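What follows is each chain in one-letter form.
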Amino acid sequence: MNTLVLNASYEPLAVVSVRRAIILILTEKAVVEHADTEKLIRSATRELPTPLVVRLLRFVRVPYRRKVPWSRGGVLERDARRCAYCAGRANSIDHIVPTSRGGAQRSWLNTVAACVSCNQRKADRTPSEAGMSLLIEPFEPKAHRALVLALGVTVAAELPDWLIASTA
């Protein structure tokens, strides 16, 4: 499980482990903004709900992020782990224009989540050549939205509405 870290200005900064988030809270560098009260973390002297979102108490200046770095996991999260061809459960990625035919290897716009059977059926062809159509349009996620997606689909549903609306 991971925790979203917000800057003092409520801007999403990073996704860290729950352990790191607890350390930030205990060292009084951050406060809990949203927590899972059903999952408790216990020590010999304390009991804390599992933090889902923490906010730093001091503003941290970060350089401007132009692009979200491409990753296989990022493509799967962007597409909600659904196959772009059949809407089934996706566990691999597919290059829309195959790399052997000049398609970009690590591009948000050339990759989609795909199930193994659709990926094998498409093989080394474009979707039109394989007689397949894309159910979704690939896009490059914004940096803030990518951080929320990195928490996982089930956790993102548990986040407060104000956070989801600010990253959409």
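Here, the structure is the one placed above.
Residues numbered from 1 in each chain as written. Predicted model: local features only at pLDDT ≥ 70, side-chain atom pairs only at ≥ 80, totals over all residues. Heavy atoms only, no water.

Chemist: What am I meant to see in the pattern of salt bridges here?
Modeler: It is possible for side chains bearing opposite charge to pair when their charged atoms get close. Using the criterion set out here, one finds 6 salt bridges in the structure. Here E33 makes a salt bridge to R55, at a shortest N to O gap of 2.8 Å. Residue E33 is located in strand β3 (residues 30–42), and its partner R55 is located in strand β4 (residues 47–56); the two are separated by 22 residues in the primary sequence. Looking at E33, the relative accessible area reads 25%, which means it is partly exposed. Taking relative accessible area as the criterion, R55 reaches 17% and is therefore assigned buried. Between K122 and D94 there is a salt bridge, with its nearest N and O atoms 3.3 Å apart. You can see K122 sitting in helix α3 (residues 116–122) and its partner D94 sitting in strand β5 (residues 92–95), a full 28 residues away along the chain. Residues K122 and D94 agree in their burial class; the two are buried. (Salt bridge = Lys/Arg side-chain N within 4 Å of Asp/Glu carboxyl O. Helix = DSSP H or I, 4+ residues; strand = E, 2+ residues; numbered from the N terminus. Buried < 20%, exposed > 50% of the residue type's maximum accessible area, 1.4 Å probe, protein only.)

Chemist: Explain the environment of A113 to me, please; I cannot follow it from the model alone.
Modeler: Along the chain, A113 turns up in strand β6 (residues 111–114). For A113, a relative accessible area of 0% puts it in the buried group. Distance in space between the C-alpha atoms of A113 and R82 is 6.4 Å, their sequence separation being 31 residues. Once you skip the residues sitting within four places of it in the chain, A113 turns out to touch V75, L76, D79, R82, C83, A84, A90, S92 and I93. (Contact = heavy atoms within 4.5 Å.)

Chemist: Where do I start with the pairing of β3 in this structure?
Modeler: If a strand is regular, its side chains alternate between the two faces of the sheet. By the bridge criterion, 9 bridges tie β3 to β4 in an arrangement that is antiparallel. Following the sheet pairing, A30 is matched in β4 by L56. Counted along the chain from β3 to the antiparallel partner β4, the turn is 4 residues long. (Pairing = 2+ DSSP bridges.)

Chemist: Just to check I follow, could you spell out the sheet that holds strand β1 (residues 2–6) for this structure?
Modeler: Strands in a sheet are paired, the pairing made by backbone hydrogen bonds, and the direction either parallel or antiparallel. Spatially, 4 strands are ordered β2-β1-β4-β3 in an open sheet, and the strand pairing comes out mixed. In the strand order of this sheet, the two ends are held by β2 (12–17) and β3, each with one partner. Here the average twist between neighbouring strands, direction ignored, is 30 degrees. (Axes fitted to C-alpha atoms, helices over the stretch in contact; angles between N-to-C directions.)

Chemist: How should unusual backbone geometry be read in this particular structure?
Modeler: In this structure, E28 takes a positive phi of about 60 degrees despite not being glycine. Mapped onto the elements of the fold, E28 is located in the loop between α1 (18–26) and β3. Judged by its relative accessible area of 66%, E28 is exposed.

Chemist: What exactly am I supposed to notice about α1 here?
Modeler: It helps to recall that an α-helix has 3.6 residues per turn; residues three or four apart then point in one direction. Every buried residue of α1 is listed here: V18, A21, I22, L24 and I25. For α1, the angular spread of buried residues about the axis comes to 160 degrees, placing them on one side. Against β1, β2, β3 and β4 lie the buried residues of α1. Once α1 finishes, E28 follows within two positions and takes phi at roughly 60 degrees, a positive value. (Arc of directions from axis to C-beta.)

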